[in-house]
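The residues making up each chain are set out below.
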Amino acid sequence: MKRDLFDQNHDAFRATVREFVERSVLPQVEQHAADKQIPREVWLEAGKQGLLGLEIPEAYGGSGAGDFRFNAVVSEELAKVNAAIVSCWGIHSDVTAPYIVELGTEEQKQRWLPSVASGETWLAIGMTEASGGSDLAAIKTTAVRDGDEWVINGSKTFITNGYSADLVLTAVRTSPEKKARGITLFAIPTDAPGFSRGRKLDKAGQEESDTAELFFENLRLGDDHVIGEVDHGFIHMMQKLPQERLGSAISNVAHAKQILLETIAYTKERHAFGAAIGSFQHNKFLLADLVTRIEVAEAFIDKCIRAHTRGELSAVDAAKAKWWSSQTQNDVLDHCVQLHGGYGFMNEYRVARAWRDARVTKIWAGSNEIMKELIGRDLGL
Ligand SMILES: Cc1cc2nc3c(=O)[nH]c(=O)nc-3n(C[C@H](O)[C@H](O)[C@H](O)COP(=O)(O)OP(=O)(O)OC[C@H]3O[C@@H](n4cnc5c(N)ncnc54)[C@H](O)[C@@H]3O)c2cc1C
């Protein structure tokens, strides 16, 4: 089905992103997996080409596109490479940078945004703790006032870009008695005394992304590192989460679509019983089913992107897009593995890695159960 979301400006931008991917990403993807990290040179090159600062106004070194369809183009092209690179990029550009853009003081924007747009300052976001990620209001990392400073103690886990980040937007408890209304966001530089990281976590998929535990021990920061209002961090996060979930939904569908297209090609080439395996009625109907599922999911997400570009995407619709797309992605990729037979279980085949990489998308960015909880609440239940 022809999509009508993008115009010729987006198409031209897509060509630039593709060129960047072909030149600066694809030749090194195996190395990224071996290193469990995407090297800084990739991000610096993206910064040079003006691809990292879509959310950042021109005055601070970005392109201030103000049209989420451009972000969608980047996500789709990166998701075709693998699920890890699009996640690392998304956390930096589409998830974390907007907090500084929209909530930062003038001084903070001038201090950080130019190097965020160039890739010299790499970002992560630290919400989840070992004791739990779904119940954000229960976080235990604390910041206690001491004179003019805050003293931060605690830890975060499962943090994407955690190993490579220079600045971590971190949710911290500032008022113990106030639960959700006692959380503040801090921009924590990773060279601050008292900051340390654990090893790169050994994940079941997405080897290319550096995911880490972060520790804060008597880490001292001034008010100039508070992002937004003290004790309003939970509200700030709730306002920003729909964009994170939409970005996740875009990647989910683009990733599954790419692997499905490669699988269709495979079923035309692979023969059994003297015929292409795709020609057997069971497989033909299955592929018809999968293509339809992807296009229906894509149509809903395109509608969400349009709504978000107008500033009208609701948290509930973002939750629908997130859970549905991740479930669809996992269902589609499981069938893609099956259609590849034994090769589908071999790591040297993209389909096997894509299937493993996709699993986490039902867990992160708010688990699918939490998404359904939000949707259910909206139904008055
Ligand atoms: C690879 C990876 C990268 C990540 N990157 C980041 C990152 O960059 N920054 C960050 O802050 N976090 C990150 N996370 C953390 C992720 O967001 C959390 O894992 C997720 O929110 C779930 O939290 P949890 O793991 O503590 O599970 P829990 O909260 O312990 O949940 C366990 C299970 O219980 C279910 N559950 C919980 N509450 C309810 C309920 N009310 N109703 C029904 N079911 C419920 C959950 O859905 C889940 O199935 C990442 C995780 C992974 C695996």
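Residues numbered from 1 in each chain as written. Predicted model: local features only at pLDDT ≥ 70, side-chain atom pairs only at ≥ 80, totals over all residues. Heavy atoms only, no water.

Looking at this structure, I do not really get helix α10 (residues 350-359). What am I missing?
It helps to recall that an α-helix has 3.6 residues per turn; residues three or four apart then point in one direction. All of the buried residues along α10 are Val351, Ala352, Ala354, Asp357 and Ala358. Those residues of α10 that are buried lie in contact with α5 (83-103), α7 (233-269) and α9 (315-339). (Buried < 20%, exposed > 50% of the residue type's maximum accessible area, 1.4 Å probe, protein only. Helix = DSSP H or I, 4+ residues; strand = E, 2+ residues; numbered from the N terminus. Contact = heavy atoms within 4.5 Å.)

Would you explain the layout of surface pockets in this entry?
Empty space left among the atoms is revealed by rolling a probe the size of a water molecule over them. Looking at the second largest pocket, its volume works out to about 350 Å³. Broken down by secondary-structure element, the contributors of at least two residues to the lining of the second largest pocket are α4 (68-79), α5, α7 and α8 (281-309). It is α7 that contributes the most residues to the lining of the second largest pocket, 4 residues altogether. Broken down by class, the residue content of the lining of the second largest pocket amounts to 5 nonpolar, 8 polar and 5 charged. (1 Å grid on protein atoms, 1.4 Å probe; cavity = no way out; pocket = protein on both sides within 12 Å on 5 of 7 lines; lining within 4 Å. Points joined across faces, edges and corners; volume = space filled by probe spheres on them. Nonpolar A, V, L, I, M, F, W, Y, C, P; charged D, E, K, R; others polar.)

Please clarify how the site of the ligand should be interpreted in this entry.
Near the ligand, the surroundings consist of 18 residues, among which Thr128, Gly133, Ser134, Ser367 and Glu369 are the closest. Gly133 places a main-chain nitrogen or oxygen 2.6 Å from an oxygen atom of the ligand. In isolation the ligand offers 970 Å² of accessible surface; the protein chains occlude 64% of this area. Listing elements by their share of the shell around the ligand, those giving two or more residues are β1 (123-126), β3 (149-160) and α11 (368-378). Per element, the largest residue contribution to the shell around the ligand is 3 residues, and it comes from β3. When grouped by side-chain class, the residues that make up the shell around the ligand number 9 nonpolar, 7 polar and 2 charged. (Near = heavy atom within 4 Å. Polar contact = N/O pair within 3.5 Å; in protein donor to acceptor, adjacent residues only side chain to side chain. Areas by Shrake-Rupley, 256 points an atom, 1.4 Å probe, with all protein chains shown as cover.)

In this structure, what is going on with unusual backbone geometry? I would like to understand it.
One can expect most non-glycine residues to show negative phi and most peptide bonds to be in trans. Residue Asn161 is not a glycine yet carries a positive backbone phi of 65 degrees. A relative accessible area of 0% means that Asn161 is categorised as buried. With a phi angle near 50 degrees, Gln206 is a residue other than glycine that sits in the positive phi range. Within the secondary structure, Gln206 is located in the loop between β6 (195-200) and β7 (211-222).

Would you mind going over the side chain of Gln243 with me for this structure?
By secondary structure assignment, the location of Gln243 is in helix α7. For Gln243, a relative accessible area of 12% translates into the label buried. A polar atom in the side chain of Gln243 sits 2.7 Å from the side chain of His308. If near-sequence neighbours (up to four positions away) are discounted, Gln243 is found in contact with Glu55, Phe68, Asp94, Pro98 and His308.

Can you help me understand the pairing of strand β4 (residues 167-173) in this one?
Burial within β4 is extensive, with 7 of its 7 residues counted as buried. Both faces of β4 are covered, namely the face carrying Leu167, Leu169, Ala171 and Arg173 and the face carrying Val168, Thr170 and Val172. Across 4 bridges, the pairing between β1 and β4 is parallel. Counterpart to Ala124 in the pairing with β4 is Val168. (Pairing = 2+ DSSP bridges.)

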